[in-house]
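# Close look at the chain arrangement
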Amino acid sequence: MAHQSELIEKDILAYLKSQEEKSLLRFITCGSVDDGKSTLIGRLLWDSKMVFEDQLAALEADSKKVGTQGGAIDYALLLDGLQAEREQGITIDVAYRFFSTDRRKFIVADTPGHEQYTRNMVTGASTAKVAVILVDARKGLLTQTRRHSFLVSLVGIKHIVLAINKMDLIGYDEEKFRAIEADYREFAAPLGFTSITALPISALNGDNIIEKSSETPWYQGPPLMHFLETVQVEDDRDRQPFRLPVQWVNRPNLDFRGFCGTVASGTVRPGDEIRVASSGQISKVARIVTFNGDLDEAVAGQAVTLTLEDEIDISRGDMLTRPEAPPLYTRHPEAHLVWMHDEPLQPGQLYLVKTATGVTPGRVTAVQYAVDVNTLEQKQVSTLGLNEIGLARIELDRPVSFDPYGANRDTGSFILIDRFTNATVAAGMVLNAPDESQRAHLSAGESNPWAPRHITLDAVAATNLNVVDLTEEKGLFILELAQSIHDYLGKGNRILIRLRDLSQLEPVAQLAYEHELAFEFDRNGDGVSILLFKRGSTPLKGYGDDGTGI
Amino acid sequence: MKKNLTHLQQLEAESIHIIREVVAEFDNPVMLYSIGKDSAVMLHLARKAFYPAPPPFPLLHVDTTWKFRDMIEFRGRMAKESGMELLVHVNEDGVKKGVSPFTHGSALYTDVMKTEGLKQALDKYKFDAAFGGARRDEEKSRAKERIFSFRSANHRWDPKNQRPELWSLYNTRIKPGESIRVFPLSNWTELDIWQYIHLEEIPIVPLYFSAVRPVVERDGMLIMVDDDRLELKPGEKVEYKSVRFRTLGCYPLTGAVESEADTLPDIIQEMLLTRTSERQGRLIDHDQAGSMEKKKQEGYF
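Residues numbered from 1 in each chain as written. Chains lettered and ligands numbered in written order. Predicted model: local features only at pLDDT ≥ 70, side-chain atom pairs only at ≥ 80, totals over all residues.

Within an unreviewed UniProt entry, the label attached to chain B reads Sulfate adenylyltransferase subunit 2, and the organism entered is Geomonas anaerohicana. Turning to chain B, the UniProt record has this under Subunit (unreviewed entry): "Heterodimer composed of CysD, the smaller subunit, and CysN." Heading Pathway (unreviewed entry) of the UniProt record for chain B holds this comment: "Sulfur metabolism; hydrogen sulfide biosynthesis; sulfite from sulfate: step 1/3." (UniProt positions renumbered as here; feature names shortened; annotations may be inferred.)

With an unreviewed UniProt entry as reference, chain A is termed Sulfate adenylyltransferase subunit 1, source organism Geomonas anaerohicana. Per its UniProt entry, chain A bears the Catalytic activity (unreviewed entry) comment "sulfate + ATP + H(+) = adenosine 5'-phosphosulfate + diphosphate".

What follows is the structure, encoded as structure tokens:
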């Protein structure tokens, strides 16, 4: 097996001690069908000696029977688990594989590259910290490469390995390798990855997988295994404010009331002040109780039980947080949705929204836009179908605690469940909540008729395609522009604003002035309207019918 | 500077999270307890999840009546120590028909006494969630199974129609009669299990440790003579050998390995230095490729 250290034979206790400090890395591999993903993972398992003799015997037999390597060992067969997939010769679902070295244990999510399987990739990526994106050296970047990169960036992966595979088939040509790498860096620049590492490999021959290949003397970087063993992916979860979604209240007797859950971010110590996100109640941590004795401190990722100094009402669904940095507590999150079911999204229909703190009924009130995963362009849509991704407004039956997904994967994510079939139909990532503070401000404004109302032009207001209707606004208001709409206008899109009368023109002009936008004024039988746009920008596909009627 | 969690600490936390989620979301969960080392770890994690209370669900053992005597003794001890209710179910139809691994072959015997027995017990007690100790590294078809794995009212698994499973957000919704099998050890490997048993000093059945035991050699495996139901075939003779078990099941179907490893570190050392994967000791997997997938579709764990 993998752990060949002589230590195993000589001093097993010392070996076991050395293994206690191993870390864990979860990564995902993405590529299109023929890029050799399964072969690569098979090779990693093989070369880290995680294949046993009886499995080897089975692999040899299977390679002869159904292999694609002319009877030679077909590493991919180590992975293609289900019979149906074997027969089709493709991987059709997410599979998890394990291997370990003396430094790290690895969990690999192996996912398909087919267009119709976006959902599988998002699933596999949701728990991964690194993505290995395979490119066929002969073909360079394909549409799939771009799609996979966008998807992993959407799901919050920060570290990319660009594994340029089949280098043997292009004679280990450095020029071609460099060209593909340069193409990729240019394409990926807007996706916000922290690191991109390009490697010239051959999964089939084992070049630059475990050992540096003699075929690529011009390549100075580490082989893939070494990179995976050493890449620093530790996120800053420990430095973020404390969050503990309460999973279960443990009450074995009247003297003990423990709040069980997994620390989603931050750290907690006895004596720390905590706040209940829903009620705003404050208490202090009395003990951190575990089977192995009380802890002085619990950190992000640990599953613990807290007891508090005060008897306050807390149940599953609540979130314990640091008082000075509360999460969003909202009924109206705005979120990216990845639709995962054949049955398209029904806006307005009730779904079950499962978050870190439990299940709440809710509905999607509007899809602001969908993203074309191949071109990254935004398009106006009214719903989302299988494998489509969009920005949506959600309305929950009661407020739920969230963080933006970018700040915290655990408290910023949710799934949508169909109430009738119980299918998981979508994955959601909270962008923000527009916006409880402003709602509070708004109600204050209503009690004081002289205070202007703040209206944010996030595409909420523009639910009806690109039209914002202000004809019902009676009082003074100040317009604000959400970043998403600013970006949207920057891409050449237009928004039509309908006004009650001319007195409302000033806040629109003010908005245009502040954001360097242009507008056209129109008066017709229906009243006054303003077309807001960014000068000098035109949408790639022309205006078409964008809802403005112009 | 905060120390990062080790791989075992991360696996432990994930498993505890899963176990708590089941208790919070289901009405009537049960933990399938097979008495083996994986069950030992799963039980230990359940006790950790609810400490200082005992886990708020029973243990269920589907007893084929062919388990090693050491296992039965250990089963009682652990139930007592954990403070949990122990349910033992035997497929009485199978017993009446005299189904045994000798007379009916391993496939039919396993189907009747294990798979059928399990379904009977789940139906009898109307459990809506059942924890199992299976790991994804054990066998290929398990690698793609979800942690929360949906079962129809007929206990069938549909590998082509699994719910996507993202982050640590598990879809626990079912209709009456349907159920979910939950695998808290999905992401553990055999080595992780052993390391954790070592680190946490978790009790395991003595059969895992080497001792001199009576065995016969049959079909290339060493079968232990655990009671007088094992009839010797012509030419077979009982020998006393220093053996242990890498995996535990029904004694006539589980092969022992010759070994001197009688401490936990020795066992781990032996495991690391051998090159035969653990399920080889079980006759059940020796059918054609895909056999486990078929069994699982039919309701086997």
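Having put the structure on the table, let's press on.
On a plain count of helices and strands, chain A comes out with 12 helices and 30 strands. For chain A, the residues scored as buried account for 46% of the 550 residues in total. Considering only residue pairs separated by 6 or more positions, chain A has 70% of its internal contacts joining residues 24 or more positions apart. (Helix = DSSP H or I, 4+ residues; strand = E, 2+ residues; numbered from the N terminus. Buried ≥ 20, exposed ≤ 12 C-beta atoms within 10 Å, placed from the backbone. Contact = placed C-beta atoms within 7 Å.)

The next point concerns the interface of chain A and chain B. Each partner contributes residues to the interface: chain A has 64 residues there, and chain B has 56 residues. When grouped by side-chain class, the residues that make up the side of chain A that touches chain B number 28 nonpolar, 19 polar and 17 charged. (Nonpolar A, V, L, I, M, F, W, Y, C, P; charged D, E, K, R; others polar.)

UniProt's entry tags residues 28-255 of chain B with the feature "domain: Phosphoadenosine phosphosulphate reductase" (unreviewed entry), counted in the numbering of this structure. As a span, residues 28-255 of chain B carries 30% helix and 18% strand, and end to end its C-alpha atoms are 36 Å apart.

With that settled, consider the domain arrangement of chain B. Residues and elements named next belong to chain B. Structurally, chain B comprises domain 1 (7-193 + 290-297) and domain 2 (205-286). Counting from both sides, the interface comprises 20 residues of domain 1 and, opposite them, 18 residues of domain 2. Elements represented by at least two residues in the side of domain 1 that touches domain 2 include exactly α3 (69-82), α5 (101-125) and α8 (291-297). The class makeup of the residues in the side of domain 1 that touches domain 2 is eight nonpolar, five polar and seven charged. (Domains from an automatic or database assignment.)

All names here are of chain A. Pairing in this open sheet of six strands is mixed, and the strands run β2-β3-β1-β4-β5-β6 from one edge to the other. Of all strands in the sheet, those bounded by a partner on one side alone are β2 (95-100) and β6 (195-200). Within this sheet the neighbouring strands show an average axis-to-axis angle of 25°, counted without direction. In the sheet, strand β1 (residues 23-30) pairs with strand β4 (residues 130-136) via four bridges, with the strands oriented parallel. By the bridge assignment, I28 is partnered in β4 with A131. Against the sheet, helix α7 (residues 143-154) makes contact with β1 and β4, and its axis sits at roughly 175° relative to β4, the strand it touches most. Taken strand by strand, helix α8 (residues 174-188) contacts β4, β5 (159-165) and β6, and its axis lies near 160° from that of β6. (Pairing = 2+ DSSP bridges. Axes fitted to C-alpha atoms, helices over the stretch in contact; angles between N-to-C directions.)

Residues and elements named next belong to chain B. Scored by pLDDT, chain B comes out at a mean of 89, with 90% of its residues at no less than 70. Taken as a whole, residues 284-289 scores under 50 in pLDDT and shows nine contacts with residues more than four places along the chain or in a different chain. With a pTM of 0.82, the predicted complex shows an ipTM of 0.90. (pLDDT = per-residue confidence, 0-100.)

All names here are of chain B. The mixed open sheet is built from six strands, whose spatial order is β3-β2-β1-β4-β6-β5. Across the chains shown, the open sheet's two edge strands, defined by having one partner strand only, are β3 (86-89) and β5 (148-151). Sheet twist, expressed as the mean angle between neighbouring strand axes with direction ignored, is 30°. Pairing of strand β1 (residues 29-32) with strand β4 (residues 129-131) involves three bridges; the strand directions are parallel. Across the sheet, the residue bridging to P29 is A129, located in β4. Relative to strand β2 (residues 59-62), α5 is tilted by about 145°, and along the sheet it contacts β1, β2, β3, β4 and β6 (179-182).

Let's shift gears to helix α12 (residues 505-514) of chain A. Residue and element names in this part refer to chain A. Looking only at α12, the buried set comprises P507, V508 and L511. Taken end-on, α12 shows its buried residues confined to a sector of 100°, consistent with a single buried face. For α12, the exposed residues lying more than 90 degrees away from the buried face are E506, Q510 and Y513. On the buried face of α12, the contacting elements are β27 (477-481), β28 (495-499), β29 (518-524) and β30 (527-533). Just downstream of α12, E516 is the residue with a positive phi angle, here 55°. (Arc of directions from axis to C-beta.)

This paragraph deals with the pairing of strand β9 (residues 239-244) of chain B. Residue and element names in this part refer to chain B. With five bridges connecting them, strand β7 (residues 211-218) and β9 associate as antiparallel partners. Its bridge partner being in β9, V212 is matched across the sheet by S242. Bridge count between β9 and strand β10 (residues 255-258): two bridges; the pairing is antiparallel. Across the sheet, R244 pairs through a bridge with V257, a residue of β10.

Residues and elements named next belong to chain A. For strand β18 (residues 350-355) and strand β19 (residues 358-371), the ladder comprises six bridges, and the chain directions are antiparallel. Bridge assignment links L352 to a residue of β19, and that residue is P361. Linking two consecutive strands that pair antiparallel, namely β18 and β19, is a turn of two residues. Bridge count for β18 against strand β23 (residues 413-417) is four bridges, and the pairing is antiparallel. If you follow T355 over to β23, its bridge partner there is F414.

It is worth spelling out the environment of R393 of chain A at this point. All names here are of chain A. Inspection of the secondary structure puts R393 in strand β21 (residues 389-396). Here R393 falls in the buried class, since 21 other C-beta atoms lie within 10 Å of it. Separated by 29 residues in the primary sequence, R393 and V364 place their C-alpha atoms 5.8 Å from one another.

What follows is about the environment of G192 of chain A. The residue G192 of chain A is located in the loop between α8 and β6 in this model. Given 10 C-beta atoms within a 10 Å radius, G192 of chain A is considered exposed.

Each pair of packed helices gets described by two things: the angle between the helix axes and the distance between those axes. All names here are of chain B. Interhelical geometry of helix α1 (residues 7-25) versus helix α2 (residues 37-50) gives an angle of 70° and a closest axis separation of 9 Å. Between α1 and α2, the interaxial angle falls into the category roughly perpendicular. Residues E12, S15, I16, I19 and R20 of α1 form the contact with α2, whose own contacting residues are L45, A46, K48 and A49. Along the lines of polarity and charge, the residues of the contact of α1 with α2 split into five nonpolar, one polar and three charged. (Parallel < 35°, antiparallel > 145°, perpendicular 65-115°, else oblique.)

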